[in-house]
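Given next are the chains, with one letter for each unit.
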Amino acid sequence: MFVCLFSGAFSGSTAWAQTLRTPSGPVLLTVDGPLSVSNVPEGASFDLPMLKELGETSFTTETIWTEGEQTFTGVSLHRLLEELGVADGSLRAVAINEYWVEIPVSDAEPDGPIIAWARNGKPMSVRDKGPLWVVYPYDDNPEYRSEIIFSRSIWQLRRIEIEP
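In this text the structure is predicted, and so the values were computed from the model without any measurement. (Residues numbered from 1 in each chain as written. Predicted model: local features only at pLDDT ≥ 70, side-chain atom pairs only at ≥ 80, totals over all residues. Heavy atoms only, no water.)

1. A few points about the environment of Leu77
Step number 1: Relative to the helices and strands, Leu77 is located in helix H2 (residues 77-84).
Step number 2: Residues Leu77 and Tyr136, 59 residues apart in the sequence, show an inter-C-alpha distance of 9.8 Å.
Step number 3: Residues contacting Leu77, with those up to four places away along its chain left out, are Leu91, Ile103, Ala108, Pro113, Ile114 and Ile115. (Helix = DSSP H or I, 4+ residues; strand = E, 2+ residues; numbered from the N terminus. Contact = heavy atoms within 4.5 Å.)

Shown next as structure tokens:
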């Protein structure tokens, strides 16, 4: 990361004060809103290698949409928001089909939800709830086994809008 010297070149809520590197592969996730770092005027775009560079984490859990224990691998939502300088507000998580859910930033705890890109060691296709799925460690915390949390577990995630 480095500090850009742009001042006034871009307007809106996104401060282009620092940048992320530019994705070299297909963009899987875009994040917009008030971010501390960015790589496009609207916010931040990530390809899979960039998401992996933030740190892979995995956990095994059962879900209400799959059978048996599943191992999910992805980036911690906490880590992603930390990288982007987001500490409060809420997330409007939007799927490929424009379905969206609201997730409070307070859900982004270090051992909380991840943005998974793999299930049982394999990338997830769009048909298989991928390529990105917000998954909570449902078996690790009884509070994660609620209708509210299940409703926040959006799959086919493609965009996050940060709302103050």
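2. With respect to the pairing of strand S6 (residues 70-76)
Step number 1: Extensive coverage of S6 is indicated by the burial of six of its seven residues.
Step number 2: In the sheet, S6 pairs with strand S9 (residues 114-119) via five bridges, with the strands oriented antiparallel. Counterpart to Ser76 in the pairing with S9 is Ile114. (Buried < 20%, exposed > 50% of the residue type's maximum accessible area, 1.4 Å probe, protein only. Pairing = 2+ DSSP bridges.)

3. What about the nonpolar core?
The nonpolar side chains of soluble globular proteins are, as a tendency, buried together.
Step number 1: Leu29, Phe46, Leu80, Leu84, Ile115, Leu157 and Ile160 are the most contacted members of the largest nonpolar core, which totals 44 residues.
Step number 2: With five residues, the single largest contributor to this core is S9. (Core = buried A, V, L, I, M, F, W, Y, C linked by side-chain atoms within 4.5 Å.)

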